[in-house]
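# Chains, contacts and geometry: an overview
The residues making up each chain are set out below.
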Amino acid sequence: QVQVVESGGGLVQPGGSLRLSCAASGRTFSGNGMGWFRQAPGQHREFVAAITWNGGGTYYGDAVKGRFTISRDNAKNTMYLQMNSLKPEDTAVYYCAAARPGIVLSSVSREYDVWGQGTQVTVSS
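Here goes a summary of the coordinates provided.

Rules used throughout
Residues numbered from 1 in each chain as written. Predicted model: local features only at pLDDT ≥ 70, side-chain atom pairs only at ≥ 80, totals over all residues. Heavy atoms only, no water. Helix = DSSP H or I, 4+ residues; strand = E, 2+ residues; numbered from the N terminus. Buried < 20%, exposed > 50% of the residue type's maximum accessible area, 1.4 Å probe, protein only. Polar contact = N/O pair within 3.5 Å; in protein donor to acceptor, adjacent residues only side chain to side chain. Contact = heavy atoms within 4.5 Å. Pairing = 2+ DSSP bridges. Disulfide = S-S within 2.5 Å.

## Section: the side chain of R67
If you trace the backbone, R67 turns up in the loop between β6 (58-60) and β7 (68-73). When its relative accessible area of 12% is taken as the criterion, R67 is described as buried. Here A63 takes part through its backbone oxygen, which lies 2.8 Å from a polar atom of the side chain of R67. Setting aside residues no more than four positions away along its own chain, R67 makes contact with Q82, M83, N84, S85, L86, K87 and D90.

## Here we look at the pairing of β7
Residues of β7 alternate between two faces, with F68, I70 and R72 buried on one and T69, S71 and D73 left unburied on the opposite face. Across six bridges, the pairing between β7 and strand β8 (residues 78-83) is antiparallel. When the bridges of β8 are listed, D73 appears paired with T78. From the end of β7 to the start of β8, which pair antiparallel, there are four residues, and N77 there has a positive phi angle of about 50 degrees.

## Let's talk about the state of the cysteines
Under the definition given, this model contains one disulfide. Note that C22 is cross-linked by a disulfide to C96, the S-S spacing being 1.8 Å. Its S-S torsion of approximately -50 degrees makes the covalent link between C22 and C96 left-handed. In this pair, C22 is assigned in strand β3 (residues 18-25) and C96 in strand β9 (residues 92-99), connecting sequence segments 74 residues apart.

Structure, rendered in structure tokens:
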């Protein structure tokens, strides 16, 4: 069973940048599609970005397209989310997730079966 742990959250001013990391262990990390989701207080969990097992394909939610970049380094068993031009509405707990076997690239949370504990991102002046 793969396990994932997020890091890199924090407080940043509007217009600033943060990079989140997701360290994975357990079953072969390089064989999994991976994704980032986020959840703000009182809101449903929202898809942020996803990446194929080899990093060759990516997919972004409309709210972050053009500002966020997802990437992965299979040699380090780590996935990243570079977040630029952050806005107050990006404030949320960000979750890393590993997709179920056979899922290549997905924005649907039920197609992910391993989730981290989340890392808080707060965008405020």
